[in-house]
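Spelled out from the first residue to the last, the chains are:
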Amino acid sequence: MRAESTILHVDMDAFFASVELRRRPELRGRPMIVAGGERGVVLSATYEARAYGVHSAMPMARALRRCPTAAVVPPDHAAYRAASVEIMKIFRDVTPLVAPLSVDEAFLDVAGARALFGPAPRIAAGIRRRVAAEQNLTCSVGVAPSMFVAKIASTRCKPDGLAVIAPEEVLAFLHPLPAGALWGVGPRAEATLTRLGLRTIGDIADTPVDTLCRALGEAAGSHLHRLSWGIDERRVDPVSTEVTVGAERTFATDITERAVLARELLRLSGRVAGQLRQRHRHARTISVKVRYADFRTVTRARTLRDGTDVSQMIYSTATDLVADLGLLGSGRGAAAEVTAVRLLGVRAGNLVDAGAGSRQLLLGERPEGWAELDRVADRARDRFGADAVGPASLLDPPVGPPPGPP
């Protein structure tokens with residue numbers, strides 16, 4: 001563990017909603033929800049709406065039952081990206097060691113900035129003042145000797161707070177917290193821990209690591225045991241910090257036709273591949289998300305041998321994953337309709353630099369092909385617009401009967 005707390009985790013407060021309030025000041029102090037329509041889910045909510053139990057990813061129908069007086073505004077992702085760029089500039093004015101996790105949060109290592117700006121708590125306070133003054137937004141900052149403790153600290157001081165955890169305070173801070181606060185403890189792992197009577201991080205710390213490994217697996221058990229003792233040796237790396245890119249769509253009406261799902265999967269895969277190429281990144285893990293009409297949500301993921309930014313490769317992998325759920329298929333036995341689907345999403349993770357490593361070709365495989373087609377399409381879109389070129393199967397079908405013979 002570091003001798004000093006020099007890691008910051010900066011997390012914007014209700015980011016999408018706060019950006020909307022900058023141009024809708026009349027909504028300040030009122031419950032407000034950012035969502036993509038009544039059939040979608042909550043993307044962000046003001047703290048006034050959260051007081052009613054509204055939270056991100058909640059179905060809008062449920063959110064409006066809990067808070068029927070909430071104002072609902074559509075998302076403007078371009079505005080959120082623009083605000084994020086300016087916020088990240090503020091961070092990089094302090095240190096080059098900035099590792100964004102998403103558009104609204106980042107880790108900073110300010111060890112090298114102390115000679116110029118003072119101790120880490122003063123740096124954190126200065127960042128909060130600049131974000132408020134220049135962007136009219138608030139953020140919460142955790143200061144700690146490690147990344148995961150800093151992230152937990154920022155969560156515990158929301159909204160608009162600053163929490164400083166000194167190295168000698170780490171265990172006293174961590175051990176009373178619920179086990180679910182640890183990175184890597186999802187609902188399934190938390191249920192396993194609860195069955196073992198382990199409800200707090202301190203309980204995990206006091207449990208032999210062999211017991212944890214038998215219950216959770218070797219990697220997860222040893223990982224959680226180390227975190228429970230405040231051991232996190234990762235460094236803030238602006239290049240390699242894990243991020244994901246994705247795209248999803250909530251349908252205006254529930255979809256039951258395989259052909260419609262296949263077309264949308266192709267569209268989403270192309271969008272994800274385009275984001276990867278823009279960022280000069282390759283993805284090794286492709287995942288899909290399906291939300292059914294009854295709001296049951298399932299995800300499936302597959303890790304590839306080599307990273308990719310090729311639309312067809314991502315689409316092929318996503319198709320296999322969705323087919324495993326019984327939603328796609330071919331042949332005489334495949335039904336034309338499937339269980340009604342409300343939302344479909346594709347996500348790419350486990351990202352690496354596009355130039356990192358080399359790919360071993362399969363016997364007879366061309367080194368170009370689909371990748372070259374993507375690059376040609378990208379150049380056409382840059383010159384003529386986003387809709388200039390795309391797969392023929394995404395074109396609107398013709399209206400009316402097919403033409404007769406000449």
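Residues numbered from 1 in each chain as written. Predicted model: local features only at pLDDT ≥ 70, side-chain atom pairs only at ≥ 80, totals over all residues. Heavy atoms only, no water.

1. Comments concerning the pattern of salt bridges
Inclusion rule: Any carboxyl oxygen of Asp or Glu that lies within 4 Å of a side-chain nitrogen of Lys or Arg is treated as forming a salt bridge with it. Helix and strand assignments follow DSSP, with helices taken as H or I runs no shorter than four residues and strands as E runs no shorter than two, numbered in order from the N terminus. Working definition: with a 1.4 Å probe on protein chains only, accessible area under 20% of the residue-type maximum means buried, over 50% means exposed, and in between means partly exposed.
On inspection of all chains with the given rule, the structure shows 20 salt bridges. Arg23 serves as the salt-bridge partner of Glu20, at 3.1 Å between the closest nitrogen and oxygen. Linking Glu20 with Arg23, this pair stays in helix H1 (residues 15-23), spanning three residues, or about one helical turn. For Arg23, a relative accessible area of 43% puts it in the partly exposed group. A salt bridge links Arg302 to Asp324; its shortest N-O distance comes to 4.0 Å. Note that Arg302 is positioned in strand E11 (residues 297-308) and Asp324 in helix H14 (residues 311-324), a separation of 22 residues in sequence.

2. Regarding the confidence of the model for the protein chain
Applicable threshold: A residue's pLDDT is the predictor's confidence in that residue, given on a scale from 0 to 100. Residue contacts are counted whenever heavy atoms from the two residues lie within 4.5 Å of one another.
Here the protein chain averages 84 in pLDDT, and 83% of its residues register 70 or above. Between residues 330-334, whose pLDDT stays under 50, and residues either more than four places distant or in other chains, the model counts two contacts.

3. Considerations on the sheet that holds strand E3 (residues 42-45)
Defined as follows: For two strands to be treated as a pair, DSSP must find no fewer than two bridges joining them. To get an axis, fit a line to the C-alpha atoms, keeping to the stretch in contact for a helix; angles then go from 0 to 180 degrees between the N-to-C directions.
Overall, mixed pairing links the three strands, which are arranged E3-E2-E4 in an open sheet. The open sheet is flanked by E3 and strand E4 (71-73), the only strands paired with a single partner. The sheet shows a mean angle of 30° between the axes of neighbouring strands, taken without regard to direction. Sheet analysis places strand E2 (residues 32-35) next to E3, joined by three bridges and oriented antiparallel. Its bridge partner being in E3, Ala35 is matched across the sheet by Val42. Contacting E2, E3 and E4, H1 runs over the sheet at an angle of about 110° to E2.

4. Description of the packing of aromatic side chains
Heads up, the condition is: Only centres within 6.5 Å qualify two rings of Phe, Tyr or Trp (six-membered ring in Trp) as a pair; their planes then separate them into stacked at under 30 degrees, edge-to-face at over 60, and tilted for everything else.
Across all of its chains, the model carries two aromatic pairs by this definition. On the basis of an interplanar angle of 50° and a centroid distance of 6.0 Å, the ring pair of Phe15 and Phe16 is categorised as tilted. On the basis of relative accessible area, Phe15 is assigned to the buried category, the value being 3%. Judged by centre distance (4.1 Å) and plane angle (10°), the rings of Phe16 and Tyr80 are stacked. Linking Phe16 in helix H1 with Tyr80 in helix H4 (residues 77-94), this pair joins segments that are 64 residues apart in sequence. Given a relative accessible area of 17%, Phe16 falls into the buried group. Residue class for Tyr80 comes out buried when judged on its relative accessible area of 1%.

5. What to know about a nonpolar patch on the surface
Note the following rule: Patches here are clusters of residues that have more than 30% relative accessible area and form no salt bridge, with a 9 Å joining cutoff for like charges and a 5 Å cutoff for nonpolar side chains (Val, Leu, Ile, Met, Phe, Trp, Tyr). Note that accessible areas follow from Shrake-Rupley with a 1.4 Å probe, and for residues the cover is restricted to the protein chains shown.
Where nonpolar side chains cluster on the molecular surface, the patch consists of Leu171, Trp229 and Ile231 and spans about 230 Å² of accessible area. In this structure, Trp229 sits in the loop between helix H12 (218-228) and strand E9 (245-257).

6. Focus: helix H7 (residues 147-156)
Burial of H7 is extensive: eight of the ten residues sit out of reach of the surface. Restricting attention to buried positions, one finds in H7 the residues Met147, Phe148, Val149, Ala150, Lys151, Ile152, Ala153 and Ser154.

7. Some thoughts on the packing of H1 against H4
Keep this limit in mind: Relative orientations are named as follows: roughly parallel for angles under 35 degrees, roughly antiparallel for angles over 145 degrees, roughly perpendicular for angles from 65 to 115 degrees, and oblique for any other angle. Note on residue categories: nonpolar means Ala, Val, Leu, Ile, Met, Phe, Trp, Tyr, Cys or Pro, charged means Asp, Glu, Lys or Arg, and polar means any other residue, Gly included.
At a minimum axis distance of 10 Å, the contact between H1 and H4 shows a crossing angle of 100°. The pairing of H1 with H4 is recorded here as roughly perpendicular in orientation. Listed contacts from H4 to Phe15, Phe16, Val19, Glu20, Arg22 and Arg23 of H1 are His77, Ala79, Tyr80, Ala83, Ser84 and Ile87. Split into classes, the residues belonging to the contact of H1 with H4 amount to seven nonpolar, two polar and three charged.

8. Points about the nonpolar core
Operational definition: The definition of a nonpolar core used throughout is a set of buried Ala, Val, Leu, Ile, Met, Phe, Trp, Tyr and Cys residues joined through side-chain atoms within 4.5 Å.
Ranked by size, the top nonpolar core spans 36 residues in total, and within it Leu8, Phe15, Met32, Phe91, Leu108, Val110 and Ile127 carry the most contacts. Elements that contribute at least two residues to this core include exactly strand E1 (7-12), H1, E2, E4, H4, strand E6 (105-109), helix H6 (120-135) and strand E7 (139-144). Residue contributions to this core peak at eight residues, all from H4. Excluding residues within four positions of it along the chain, Phe15 makes contact with Ser44, Tyr80, Ala83, Ser84, Ile87, Val103, Asp104 and Leu137. Counting 31 residues, the second largest nonpolar core, distinct from the first, contains Ala247, Ala283, Val338 and Val346.

9. Structural notes on the environment of Gly29
For Gly29, the position within the fold is in the loop between H1 and E2. Along the primary structure Gly29 and Ala49 are separated by 20 residues, whereas in three dimensions their C-alpha atoms are 9.6 Å apart.

10. Digging into unusual backbone geometry
Both trends apply: most residues other than glycine have a negative phi, and most peptide bonds are in trans. In this chain, Lys158 is followed by Pro159 through a cis amide linkage whose omega measures -10°. Looking at the element boundaries, Pro159 is found in the loop between H7 and strand E8 (162-164). The backbone of Ala14 shows a phi angle near 45°, a positive value even though the residue is not glycine. Here Ala14 lies in the loop between E1 and H1. Classification of Ala14 as buried rests on a relative accessible area of 7%. For Asn136, which is not glycine, the phi dihedral falls at a positive 55°. Residue position: Asn136 is located in the loop between H6 and E7.

11. Observations concerning the side chain of Arg277
To keep things clear, this is the line we draw: Two N or O atoms form a polar contact when they lie within 3.5 Å of each other; inside protein one atom must be a possible hydrogen donor and the other a possible acceptor, and for residues adjacent in sequence the pair counts only when both atoms belong to side chains.
Among the structural elements, Arg277 can be located in helix H13 (residues 258-278). A distance of 2.9 Å separates a polar atom in the side chain of Arg277 from the backbone oxygen of Asp309.

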